[in-house]
Amino acid sequence: MQTDSPTPIRVLHVSFYWDPGLNNIAWRMLEALGQGEEAGRFQNLPLYLFRGDGGAGGAPPDGLCLDAEPRDLRGLRQGALVRRVRAALPDSQDVTVVHRMRAALLVERALGKDRGAGLVVVHGRNTLRGRRRRGQVLKRLVPHWHFAAISGAVREDLEMRGIPPERILDLPNALDVAGVRERQVDREAARVALELPPKPS
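**Q** It is not clear to me how the side chain of Arg-161 should be interpreted in this structure. Could you clarify?
**A** Following the sequence through the fold, Arg-161 ends up in the loop between α5 (152–160) and β6 (168–170). Relative accessible area serves as the criterion here: at 17%, Arg-161 is assigned to the buried category. In contact with Arg-161, not counting residues within four places along its chain, are Asn-126, Leu-128, Arg-129, Arg-134 and Leu-138.

If you want it as structure tokens, here you go:
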């Protein structure tokens with residue numbers, strides 16, 4: 001007897017630039033949301049807002065949205081940007097994952113109220129230091145979105161800026177920081193091992 005294949009979970013994954021590592025990051029985020037046991041059902045829908053390699057090398061294979069660099073769009077009104085992003089969105093998605101707060105605000109407007117819930121990955125502190133952006137995030141994102149903090153310091157910063165703790169997920173960097181510290185070599189010992197001259201005093 002043939003069983004029906006499970007319905008895929010469509011994940012809209014948005015980043016400013018293409019990075020081949022983003023596909024793996026998507027699954028870790030969904031595990032943080034408590035859906036990791038259904039990993040086989042995930043269908044990644046990448047959307048890269050700008051062209052450029054983002055340090056990854058090469059050009060994005062698909063998902064290019066604005067086909068421009070940020071400097072090319074200076075002076076373009078926010079509404080025009082939102083319309084261009086909206087035109088590149090898929091017809092539907094089950095989960096939205098966005099890197100960087102600025103991109104999340106843009107995508108939230110493009111998705112509209114019916115499709116606007118998602119997860120923002122916050123990569124550093126002081127993302128909400130500016131009063132205007134903080135006000136936009138608290139008004140537009142906090143009611144429906146979650147925030148993934150890549151470290152305890154980022155979580156503390158988000159809470160200090162007014163993000164409710166229950167809206168924040170802990171998503172530490174994949175790097176094993178403790179393991180790196182254990183293998184860390186003293187700077188002078190490293191210079192000797194690499195046969196470099198002593199550092200001038």
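**Q** Got a minute to help me understand the packing of helix α3 (residues 101–111) against helix α4 (residues 131–141) in this structure?
**A** How two helices sit against one another is set out by the angle between their axes and by the gap between those axes. One can describe the packing of α3 onto α4 by two numbers: an axis separation of 11 Å at closest approach and a directional angle of 45 degrees. In terms of orientation, α3 lies oblique with respect to α4. With respect to the hand of their crossing, α3 and α4 are arranged in left-handed fashion. For the pair α3 and α4, contact is made by Met-101, Arg-102, Ala-104, Leu-105, Glu-108 and Arg-109 and by Arg-133, Gln-136, Val-137, Arg-140 and Leu-141, respectively. Classifying every residue of the contact of α3 with α4 by side-chain character gives five nonpolar, one polar and five charged.

**Q** Teacher, can you tell me more about the nonpolar core here?
**A** For soluble globular proteins, nonpolar side chains are generally found buried alongside one another. Among the nonpolar cores identified, the biggest contains 44 residues, and Leu-49, Met-101, Val-137, Leu-141, Phe-147 and Leu-158 are the most heavily contacted of them. No other element matches the eight residues that α3 contributes to this core. With sequence-adjacent residues up to four places away left out, Val-137 is seen in contact with Met-101, Leu-105, Leu-128, Val-142, Phe-147 and Ile-163.

**Q** Just checking my understanding: could you explain unusual backbone geometry for this structure?
**A** Phi is mostly negative for residues that are not glycine, and the peptide bonds are mostly trans. Positioned with a positive phi, Arg-100 is a non-glycine residue whose angle comes to about 80 degrees. Along the chain, the position of Arg-100 falls in the loop between β3 (95–99) and α3.

Calculation notes
Residues numbered from 1 in each chain as written. Predicted model: local features only at pLDDT ≥ 70, side-chain atom pairs only at ≥ 80, totals over all residues. Heavy atoms only, no water. Helix = DSSP H or I, 4+ residues; strand = E, 2+ residues; numbered from the N terminus. Buried < 20%, exposed > 50% of the residue type's maximum accessible area, 1.4 Å probe, protein only. Contact = heavy atoms within 4.5 Å. Axes fitted to C-alpha atoms, helices over the stretch in contact; angles between N-to-C directions. Parallel < 35°, antiparallel > 145°, perpendicular 65-115°, else oblique. Left-handed = near helix turned anticlockwise from the far one by under 90°. Nonpolar A, V, L, I, M, F, W, Y, C, P; charged D, E, K, R; others polar. Core = buried A, V, L, I, M, F, W, Y, C linked by side-chain atoms within 4.5 Å.

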